[in-house]
Amino acid sequence: MELSERKKQILRAVVENYIQTAEPVGSKAIVASAGLSVSSATIRNEMAELENLGLLEQPHTSSGRIPSPRGYRLYVNELMEEHRLTMQETQKINEALHLKIREMDQVMTEAGKIISQLTKYPTFSLTKGTRKAVITRFDLLMVEQTAFIAVLMTDTQLVRNKLFRLPTELSDTQLQLLGTLLNTSFTGLTLEELTPELMRVAAHAAGEAYGLISLVVSFAMEVLEELESNVVHTAGIPNLLAHPEYQSLERAEPLMNFLSELGDGGNLPVVQGENVKILIGPENVADELKDSSVIMASYDIGGGMQGVIGVVGPTRMDYADLAARLSYFAEGLSRMFGKGEIPPPAGEAPTDKGGNGTQ
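For the structure given in this document, a descriptive report is provided here. (Residues numbered from 1 in each chain as written. Predicted model: local features only at pLDDT ≥ 70, side-chain atom pairs only at ≥ 80, totals over all residues. Heavy atoms only, no water.)

### Thoughts on the overall build of the protein
For the protein, the count of helices and strands is 10 helices and 10 strands. When the 359 residues of the protein are sorted by exposure, 42% land in the buried category. The contacts in the protein between residues at least 6 apart in sequence include a share of 61% that link residues at least 24 apart. Accessible surface for the protein amounts to roughly 19,000 Å². Of this, 51% is attributable to carbon and sulfur atoms. (Helix = DSSP H or I, 4+ residues; strand = E, 2+ residues; numbered from the N terminus. Buried < 20%, exposed > 50% of the residue type's maximum accessible area, 1.4 Å probe, protein only. Contact = heavy atoms within 4.5 Å. Areas by Shrake-Rupley, 256 points an atom, 1.4 Å probe, with all protein chains shown as cover.)

### Details of the environment of P69
As for its position among the elements, P69 is in helix α4 (residues 69–79). As a C-alpha pair, P69 and G54 span 15 residues in sequence and 8.7 Å in three-dimensional space.

### Here we look at the pattern of salt bridges
Following the criterion strictly, the structure yields 6 salt bridges and no others. Here K7 and E49 are joined by a salt bridge, their closest N and O atoms 2.9 Å apart. Placement of K7 in helix α1 (residues 5–21) and of E49 in helix α3 (residues 40–52) is noted, with a sequence separation of 42 residues between them. Salt bridges sharing common partners tie together R6, K7, E46 and E49. (Salt bridge = Lys/Arg side-chain N within 4 Å of Asp/Glu carboxyl O.)

### Here's the deal with the packing of helix α2 (residues 27–34) against α3
Put simply, α2 and α3 touch, their axes get as near as 9 Å, and they point 105° apart. Between α2 and α3, the angle is such that the two are roughly perpendicular. Facing α2, whose interface residues are S27, K28, I30 and V31, α3 presents S40, I43, R44 and M47. Its residues placed into classes, the contact of α2 with α3 shows 4 nonpolar, 2 polar and 2 charged. (Axes fitted to C-alpha atoms, helices over the stretch in contact; angles between N-to-C directions. Parallel < 35°, antiparallel > 145°, perpendicular 65-115°, else oblique. Nonpolar A, V, L, I, M, F, W, Y, C, P; charged D, E, K, R; others polar.)

### Re α2
When we look at burial in α2, the residues that qualify are S27, I30 and A34. The arc enclosing the buried residues of α2, seen along the axis, measures out at 55°, which places them on a common side. The exposed set on the far side of α2, more than 90 degrees from its buried face, consists of K28 and A32. In this structure, the buried side of α2 is in contact with α1 and α3. (Arc of directions from axis to C-beta.)

### Concerning the pairing of strand β5 (residues 147–154)
Where burial is concerned, most of β5 is hidden: 7 out of the 8 residues are buried. When strand β4 (residues 135–144) meets β5, the two strands line up antiparallel, connected through 8 bridges. Looking at the pairing, M142 lines up with F148 of β5. Taking the residues that link successive antiparallel strands as the turn, the β4-β5 hairpin has 2 residues. In this sheet, strand β6 (residues 159–165) lies alongside β5 in antiparallel orientation, the contact comprising 7 bridges. Residue pairing in the sheet places A150 in a bridge with K162 of β6. (Pairing = 2+ DSSP bridges.)

### Overview of the packing of aromatic side chains
The relation between two aromatic rings is expressed through the spacing of the ring centres and the mutual angle of the planes. On inspection of all chains with the given rule, the structure shows 2 aromatic pairs. Plain terms: the ring middles of F148 and F164 are 5.3 Å apart, the flat faces sit at 20° to each other, and that makes the pair stacked. Taken together, the residues F148 in strand β5 and F164 in strand β6 connect sequence positions 16 residues apart. When sorted by exposure, F148 lands in the same class as F164, which is buried. Aromatic side chains F164 and F219 sit 6.2 Å apart centroid to centroid with 75° between the ring planes, which places their arrangement in the edge-to-face category. Pair noted here: F164 is in strand β6 and F219 is in helix α8 (residues 210–228), with a separation of 55 residues, a long-range link. (Phe/Tyr/Trp six-rings, centres within 6.5 Å; stacked < 30°, edge-to-face > 60°.)

### A closer look at the nonpolar core
Considering soluble globular proteins, one finds that nonpolar side chains tend to be buried as a cluster. One finds F148, L182 and F186 to be the most contacted residues of the largest nonpolar core, which totals 31 residues. Breaking this core down by element, the ones donating at least two residues are β4, β5, α6 (172–185), α7 (196–206) and α8. If you tally residues by element for this core, the top one is α8, at 9 residues. Setting aside anything within four residues of it in sequence, one finds L182 in contact with F138, L140, T187, I213, V216 and V217. Formed by 19 residues, the second largest nonpolar core is a distinct cluster that contains V232, L259, A286 and V308. (Core = buried A, V, L, I, M, F, W, Y, C linked by side-chain atoms within 4.5 Å.)

### Topic: the sheet that holds β4
The antiparallel open sheet is built from 3 strands, whose spatial order is β4-β5-β6. At either end of the open sheet lies a strand with only one pairing partner, and these are β4 and β6. The sheet shows a mean angle of 20° between the axes of neighbouring strands, taken without regard to direction. The sheet strands contacting α6 are β4 and β5, and the helix crosses β4 at an angle near 170°.

In short, geometric facts, not functional conclusions.
And the structure:
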């Protein structure tokens, strides 16, 4: 709708005053903030007309006005001044977008330490990669003329972002073209399908923006590779030496080396369809575990990702106690990561010490 400049100034003043105060805005406040050289009576008449247009509302007969949903929409579309993010603000946004991932890595490191301290055994935690993931959407956000943020979303609803700094200036038009090319040519593809040939084809359409496409696609490939790979943390390996079974270095060394060199966890036991799994001695496939037992509990990280936390020790372990501890801990991790809930204090959610799902 077409509004006079004065009406636009009044509507802007009402919206911005209401945002600041959360109180209905009267004509005197408009006169003070909008810089209009008109009387309060004129302001009141204009506000009444804005109300008739459905842009303002009057909660009470004697009160000032507040913006209506239509008023907010018009303000956002036409009247709101552009806010340029400072570098400090973009850094905070970037940190916030990465917070869950960073916390997950930290939590898994700390989780192993805590479990190892509680049980006096070595522990491992394994974050299992997803199936073949794909990027479903690219969003590019201009930070300043020489920097932009690329935000990627995968088909597992996982979001990653990265700030790119450039040696030369980038226009809004170039950034829009880059976003269009990325979303038309590089979404719905697995890591293996992001081939050099595809990059060469995109280069013809990208022109000068080819170098930027290469940067963002390389980032996308890193994200997909991360999602498809396993991450392993270990803690408390020296705890083995406190147990009589491993006081002989000849027996302890092979197991300690095994735990220290787990790599992507491909040689660890697998937990499938079980909350808790116990493998005793020869049940373990790896030769280094044949004289030891492994207790594992699975948890849901969210985004299609699963994890396992486990304890390794002698076959004389207290399986019921350790299985209960691991099960409770894994349930807490599922609530934290899979459901976004804070685990309740110990004692509020009793666990089954019978080792359900164990072998």
